[in-house]
Amino acid sequence: MNPTDLPDVSVLAAPLYLALIGLEALRIRAGRWKGRYEARDTATSLTMGAGSVVAGGLFGGIAASVLFAAWEARLATIPVSIGSLLAAFVLGDLVYYWQHRLGHRVRWFWAAHVTHHSSTHYNLGTALRQSWMGPLTGLFALNLPLVWIGFHPGMLAFVSGLNLVYQFWIHTEAIDRLPRWFEAVFNTPSHHRVHHAKNPRYLDANYAGTLIVWDRWFGTFVPEQEAEPVCYGLVHDLDSYNPLWVAYHEVIAIARDLVRPGLMPGERLRYLLAPPGWSHDGSRQTSDELKRASGIVAPCPTPLRPSPATT
Ligand SMILES: [Zn+2]
Ligand SMILES: [Zn+2]
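This report concerns the structure included in the present document. Owing to the predicted nature of the structure, the values given are computational and were not obtained by experimental measurement. (Residues numbered from 1 in each chain as written. Chains lettered and ligands numbered in written order. Predicted model: local features only at pLDDT ≥ 70, side-chain atom pairs only at ≥ 80, totals over all residues.)

## With respect to the packing of helix α3 (residues 39-72) against helix α11 (residues 243-258)
Right, on to step 1. Contact pair α3 / α11: the axes reach a minimum separation of 9 Å and the direction vectors enclose 65°. Each of T44, T47, M48 and G51 in α3 lies in contact with α11, whose residues at this interface are P243, V246 and A247.
Right, on to step 2. Counted by class, the contact of α3 with α11 contains 4 nonpolar, 3 polar and no charged residues. (Axes fitted to C-alpha atoms, helices over the stretch in contact; angles between N-to-C directions. Helix = DSSP H or I, 4+ residues; strand = E, 2+ residues; numbered from the N terminus. Contact = placed C-beta atoms within 7 Å. Nonpolar A, V, L, I, M, F, W, Y, C, P; charged D, E, K, R; others polar.)

## Comments concerning the nonpolar core
Right, on to step 1. Judged by nonpolar contacts, the single largest core of 41 residues is most densely connected at A88, F151, M155, L156, V159 and A208.
Right, on to step 2. Only α2 (14-29), α3, α4 (82-105), α5 (107-113), α6 (144-148), α7 (153-168) and α11 provide two or more residues apiece to this core.
Right, on to step 3. Not counting chain neighbours up to four residues away, the residues in contact with F151 comprise I78, A88, L146 and L156.
Right, on to step 4. Grouped together as the second largest cluster of nonpolar side chains are 6 residues, A197, Y202, L203 and A205 included. (Core = buried A, V, L, I, M, F, W, Y, C linked by C-beta atoms within 7 Å. Buried ≥ 20, exposed ≤ 12 C-beta atoms within 10 Å, placed from the backbone.)

## As for the environment of D41
Right, on to step 1. On the secondary structure map, D41 appears in helix α3.
Right, on to step 2. The exposure class of D41 is partly exposed, given the 19 C-beta atoms found within 10 Å.
Right, on to step 3. Separated by 84 residues in sequence, D41 and G125 have C-alpha atoms that sit 8.6 Å apart.
Right, on to step 4. Residues within four places of D41 in sequence aside, it is in contact with S119, H121 and Y241.

Next up, the structure:
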């Protein structure tokens, strides 16, 4: 099979997404399932989902041209088969973990990913709340090693679509816990609820796409605790349903910081690349600072440096 013939399953599944969102909303309204829907919030989530497909179409050529240039310099050619697709899926899931982790820890990448976290609700509609920046952040470059070792960009796009489809169903409060073996290996509604939390205890945790084992291995796994219900949304919620603002507010905030008068070049760079919440005068808080302030250390503890009004 030609890798370029593989479909984009994440877009083909759109009717399924809409059907399941409708089903979840009806069951919640009937009092049968746990959860909450709000019309304005869901409308924004659906708009963000549609816009992300458009952004992918507009900017996708950038990623494609870079990845296909790398393909010309590949070390080997891995043919399409069940086994190679499985390997591409697992390795792609590992790449996704690091893309997602960087998406939370580097402000430029967060400027795109923040969109996904901008709802104060957690339901299947929230899953569609995706970035309108597409490959403009440059994070797609983390796939380059997989292309160089012989995975065709078409294969990687296919398994990335499968990964997104997997992540759809975990955006729900209707499912509490799954069998222990499944929770141990796979990303689940419980694990991903933690990821969407703004409680300090839960910040910067559970970056997994499909396999939660990456978080367990790299020290970012935090279990959902019954004693601390999840509060969904951003540390500073947007309070806006305007899709353009949801999509680009953090890019605008970065631009404003970059042109502030009187900053050292290094400070401007940190406004772009330091963790979200960093500020040159300590007027804001990063997630690590929020955790320290609440007495909760990060799941992957970093040494507490005496630092000025920065980190
Ligand atoms: Zn995230
Ligand atoms: Zn999510």
